[in-house]
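Chain by chain, the residues:
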Amino acid sequence: MIELMKLPYEHDALEPVISKNTVEFHHDKHHQNYVDTLNKLIEGTELASLTIEEIIKNLDKAPADKKQAIINNAGGVYNHNLYWEELIPGGASEPTGALKEAIDKAFGSFEKFKEEFEAAGKGRFGSGWAWLVKDGDEVKIVSTANQDSPLSEGLIPLLANDVWEHAYYLDYQNARAKYLSEFWKIVNWDKVAERF
Ligand code: MN
């Protein structure tokens, strides 16, 4: 039985970058819906006793007729957990220490990294996510469609940005690029460093 993560701050804590209204719909409705749907799908299967991370890493154990729905909804639960956690107000406003070194090595600078990350988010056609992931000792940017999670590919997700319209449409309408550039104001890089 998977439970909806409790939001680690008030619904208005991400304002003005992400409004209380968006967080209420996004966490309390969308994220809750992924949790509820996933629980129905895994009931009676061998995935039912696993954690959300274990489900994402063991998708081959999903019954064939439910597999795609489990991919969608387990990703929907896990990806949003990461997203809400990395946005906890406070903490470092840019990468430090070993994470900073890895980002500088891979992209040249934090500024360059941000440009490439925003481009990955803008370039994702339709719904999906932009990610900074750890691949061995290195970091790289990937984007995934729908609720696919890099964790299923053996990568360690460090930073996630949700580019589904439900993440930004109430606040930015069709201006996905603006949402992507405002996003940096609310990332807690201490949380990202912990994952690294
Ligand atoms: Mn979402």
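Residues numbered from 1 in each chain as written. Predicted model: local features only at pLDDT ≥ 70, side-chain atom pairs only at ≥ 80, totals over all residues. Heavy atoms only, no water.

1. Overview of the overall build of the protein chain
Along the backbone of the protein chain there are 8 helices and 3 strands. Counting from the amino terminus, the protein chain carries its helices and strands in the arrangement α-α-α-α-α-β-β-β-α-α-α. Whereas a compact globule of 196 residues would reach a radius of gyration of roughly 16 Å, the protein chain reaches 16 Å, a difference of no more than 12%. With the principal axes as the frame, the protein chain shows a C-alpha extent of 50 × 40 × 30 Å. (Helix = DSSP H or I, 4+ residues; strand = E, 2+ residues; numbered from the N terminus. Rg over C-alpha atoms; globule rule 2.2 N^0.38 Å.)

2. Things to note about unusual backbone geometry
A cis amide bond, omega 5 degrees, links E15 with the succeeding residue P16. Here P16 is to be found in the segment before α1 (20–42). Phi is positive for N146, close to 55 degrees, though the residue is something other than glycine. With respect to the helices and strands, N146 occurs in the loop between β2 (138–145) and β3 (156–162). One non-glycine residue, Q173, adopts positive backbone phi at about 50 degrees. On the secondary structure map, Q173 appears in the loop between α6 (165–172) and α7 (176–182). Overall, the relative accessible area of 40% leaves Q173 in the partly exposed class. (Buried < 20%, exposed > 50% of the residue type's maximum accessible area, 1.4 Å probe, protein only.)

3. Structural notes on the pattern of salt bridges
Taken as a whole, this structure holds 11 salt bridges when the rule is applied. K105 is paired through a salt bridge with E138; the nearest N and O atoms lie 3.7 Å apart. Of this pair, K105 sits in helix α4 (residues 97–107) while E138 sits in strand β2, placing them 33 residues apart in sequence. Here K105 falls in the exposed class, since its relative accessible area comes to 69%. (Salt bridge = Lys/Arg side-chain N within 4 Å of Asp/Glu carboxyl O.)

4. Structural notes on the coordination of the manganese ion
With distances of 1.9 to 2.2 Å, the protein atoms coordinating the manganese ion are H26 (NE2), H80 (NE2), D162 (OD) and H166 (NE2). Along the chain, the residues donating to the manganese ion are arranged with the sequence spacing H-x53-H-x81-D-x3-H. Of this pair, H26 sits in helix α1 while H80 sits in helix α3 (residues 67–86), and the two are 54 residues apart along the sequence. Like H80, H26 is buried. (Donors = N, O, S within 2.8 Å, 3.2 Å for Na, K, Ca; no water.)

5. Details of the environment of N72
Relative to the assigned elements, N72 resides in helix α3. Measuring from C-alpha to C-alpha, the distance between N72 and N21 comes to 24 Å, with 51 residues separating the pair along the chain. Residues contacting N72, with those up to four places away along its chain left out, are Y34 and Q147. A distance of 2.9 Å separates polar atoms of two side chains, one belonging to N72 and the other to Q68. (Contact = heavy atoms within 4.5 Å. Polar contact = N/O pair within 3.5 Å; in protein donor to acceptor, adjacent residues only side chain to side chain.)

6. Some remarks on the sheet that holds β3
If you trace the 3 strands from one edge of the open sheet to the other, you get β2-β1-β3, paired in antiparallel fashion. Both outer strands of the open sheet, β2 and β3, are each paired with one neighbouring strand and no more. This sheet shows a mean twist of 25 degrees between the axes of neighbouring strands, independent of strand direction. By the bridge criterion, 6 bridges tie strand β1 (residues 128–135) to β3 in an arrangement that is antiparallel. Across the sheet, residue V133 finds its bridge partner in β3, namely P157. (Pairing = 2+ DSSP bridges. Axes fitted to C-alpha atoms, helices over the stretch in contact; angles between N-to-C directions.)

7. Quick look at the packing of aromatic side chains
According to the stated counting rule, one finds 16 aromatic pairs in the structure shown. Here the aromatic rings of F117 and F183 are separated by 6.3 Å at their centres, their planes lie at 5 degrees, and the arrangement is stacked. Here F183 lies in the loop between α7 and α8 (189–195) and F117 lies in helix α5 (residues 110–123), a separation of 66 residues in the sequence. Like F183, F117 is buried. An aromatic cluster of at least three residues, connected via ring pairs, comprises F107, F110, F113, F117, F183, W184 and W189. Sitting above the plane of the F196 ring, K134 keeps its charged end 4.6 Å from the centroid. (Phe/Tyr/Trp six-rings, centres within 6.5 Å; stacked < 30°, edge-to-face > 60°. Lys NZ or Arg CZ within 6 Å of the ring centre and 35° of its normal.)

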